[in-house]
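Notes for the structure review
Listed below are the residues making up each chain.
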Amino acid sequence: MSIFEYNGSALVAMVGKNCFAIASDRRLGVQLQTIATDFQRISKIHDKLFIGLSGLATDAQTLYQRLVFRHKLYQLREERDMKPETFASLVSAILYEKRFGPYFCQPVIAGLGDDDKPFICTMDAIGAKELAKDFVVAGTASESLYGACESMFKADMEPEELFETISQALLSSVDRDCLSGWGGHVYVVTPTEVKERILKGRMD
């Protein structure tokens, strides 16, 4: 078993019309044994920027703490929040710095940039960025997430439709992966508000 699959995870971010959604499953396992069913994989950096960390849970928590520290330093120095593109470059640099003993994480970054233009991106464990205009996926359920998102995604969705689409994609994908699941956690972010919802899924 790959170290990336040790805890199991499913992450997806999707772009709408001047908004984005980011969703994850809630399972924390050790291989096939489930340890927790309310694990938080998505974290807020600021009101318009979120990061989800799939992969090894301990590395995800360590990396998140480093990122919060670096973002707070940036806020003190620049007196403003970091743009999503800048933050993606920061995450990439931190991961590449540790390339010979990497954090076993695959981050998904989603944010609203200038003119509330949505930005999403993912990267591998050593910080090679993959930018997308529609959706990005990560985690053990990524193969089934690609298929679900590919068939369900439409351009310029309004926030409510985006929520329905990402939720259906996530729930149908984690049912096809035994290492992720136990419900979902969805954030829909618009220029004016952040909606957080918990999904109930199959509990087996």
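Residues numbered from 1 in each chain as written. Predicted model: local features only at pLDDT ≥ 70, side-chain atom pairs only at ≥ 80, totals over all residues. Heavy atoms only, no water.

Going by an unreviewed UniProt entry, the protein carries the name Proteasome subunit beta and comes from Cicer arietinum.

**Regarding the overall build of the protein**
Definition in use: Strands are runs of DSSP state E lasting at least two residues, helices are runs of H or I lasting at least four, and both sets are numbered from the N terminus onward. Burial status follows relative accessibility: with a 1.4 Å probe on protein chains alone, a residue under 20% of its type maximum counts as buried, one over 50% as exposed, and anything between as partly exposed. Using the Shrake-Rupley algorithm and a 1.4 Å probe, accessible areas are obtained, with residue cover drawn only from the displayed protein chains. Charge assignment: positive for Lys and Arg, negative for Asp and Glu; neither His nor the chain ends contribute. For this purpose, a charge sits on NZ of Lys, CZ of Arg, CG of Asp or CD of Glu.
Along its length, the protein carries four helices and 12 strands. Based on the C-alpha atoms only, the size of the protein along its principal axes is roughly 45 × 40 × 25 Å. Split into buried and exposed, the 204 residues of the protein put 51% on the buried side. When the accessible surface of the protein is split by element, carbon and sulfur atoms take 50% of a total near 9,800 Å². Across the protein, the centroid of the 23 positively charged side chains sits 4 Å from that of the 28 negatively charged ones.

**Quick look at the state of the cysteines**
Definition in use: When two cysteine sulfur atoms are found within 2.5 Å, that pair is recorded as a disulfide.
Counted according to the given criterion, the structure contains zero disulfides. Not engaged in a disulfide, the cysteine Cys 149 finds its nearest cysteine sulfur in Cys 19; these two sulfurs lie 15 Å apart.

**A word on the packing of helix H3 (residues 142-152) against helix H4 (residues 159-174)**
The test is simple: For helices, the fitted line uses only the C-alpha atoms of the stretch in contact; every axis is such a line through C-alpha atoms, and the angle between N-to-C directions lies from 0 to 180 degrees. It is the rotation of the near helix from the far one that decides the hand of a crossing: anticlockwise by less than a right angle makes it left-handed, clockwise makes it right-handed. Between two residues, a contact is recorded if the distance between any of their heavy atoms is within 4.5 Å. The residue classification treats Ala, Val, Leu, Ile, Met, Phe, Trp, Tyr, Cys and Pro as nonpolar and Asp, Glu, Lys and Arg as charged. All others, Gly included, are polar.
Where H3 meets H4, the closest approach of the two axes is 9 Å, and the angle between their N-to-C directions is 145°. For the pair H3 and H4, the crossing hand works out as right-handed. Between H3 and H4, the residues in contact are Ser 144, Leu 145, Ala 148, Cys 149 and Met 152 and Thr 165, Gln 168, Ala 169, Leu 170, Ser 172 and Ser 173, respectively. Per-class residue counts for the contact of H3 with H4 are six nonpolar, five polar and no charged.

**Comments concerning the packing of helix H1 (residues 57-78) against helix H2 (residues 84-97)**
In plain terms, the rule: Each angle receives one of four descriptions, namely roughly parallel if under 35 degrees, roughly antiparallel if over 145, roughly perpendicular if within 65 to 115, and oblique otherwise.
Put simply, H1 and H2 touch, their axes get as near as 11 Å, and they point 130° apart. One finds that H1 runs oblique with respect to H2. Regarding H1 and H2, the two cross each other, and that crossing is right-handed. Contact residues: H1 offers Leu 63, Arg 66, Leu 67 and Arg 70, while H2 offers Phe 87, Leu 90, Val 91, Ile 94, Leu 95 and Glu 97.

**Remarks on the layout of surface pockets**
Heads up, the condition is: Here the term cavity refers to a set of points on a 1 Å grid, laid over the protein atoms alone, in which a 1.4 Å probe fits but cannot get out; the term pocket refers to an open set having protein on both sides within 12 Å along at least five of seven lines, with lining residues being those that place an atom within 4 Å of a point. Grid points are joined across faces, edges and corners, and a volume is the space filled by probe spheres set on the points.
If you add up the space inside the largest pocket, you get close to 250 Å³. Forming the boundary of the largest pocket are Val 15, Glu 85, Gly 113, Asp 114, Lys 117, Pro 118, Phe 119, Ile 120, Leu 131, Ala 132 and Lys 133. Looking at the lining of the largest pocket, the elements with two or more residues in it are strand E8 (118-123) and strand E9 (129-132). A per-element tally of the lining of the largest pocket places E8 first, with three residues. Each residue belonging to the lining of the largest pocket can be placed in one class, and the counts come to six nonpolar, one polar and four charged. Reported here for the second largest pocket is a volume of approximately 200 Å³. Taken together, Arg 27, Leu 32, Thr 34, Val 174, Asp 175, Asp 177, Cys 178, Ser 180, Gly 181, Trp 182, Arg 202 and Asp 204 make up the lining of the second largest pocket. A breakdown of the residues in the lining of the second largest pocket according to their chemical character gives four nonpolar, three polar and five charged.

**Description of the pattern of salt bridges**
For clarity, the threshold we go by: In the sections that follow, a salt bridge refers to a side-chain nitrogen of Lys or Arg positioned within 4 Å of a carboxyl oxygen of Asp or Glu.
Here the structure, examined in full by the defined rule, presents 11 salt bridges. In this structure, the salt-bridge partner of Lys 154 is Glu 161, at a minimum N-O distance of 2.3 Å. By relative accessible area, Lys 154 is classed as partly exposed at 44%. Linked by salt bridges that have partners in common, Glu 160, Glu 193, Lys 195 and Arg 197 make up one network.

**As for H2**
Since the α-helix advances by 3.6 residues per turn, residues separated by three or four positions end up pointing in the same direction. This is how it is decided: Helix span, expected: 1.5 Å multiplied by one less than the number of residues in the helix.
Under the 1.5 Å per step criterion, the end-to-end length of H2 is 20 Å for 14 residues, consistent within 8% with the ideal 20 Å. All of the buried residues in H2 are Pro 84, Phe 87, Ala 88, Leu 90, Val 91, Ser 92, Ile 94 and Leu 95. For H2, the secondary structure elements touched by its buried residues are strand E5 (42-46), strand E6 (49-55), H1, strand E7 (105-112), E8 and E9.

**Looking at the environment of Ile 198**
Mapped onto the elements, Ile 198 comes out in strand E12 (residues 194-199). Ignoring any residue separated from it by four or fewer positions in sequence, one finds Ile 198 in contact with Arg 26, Gly 184 and His 185.

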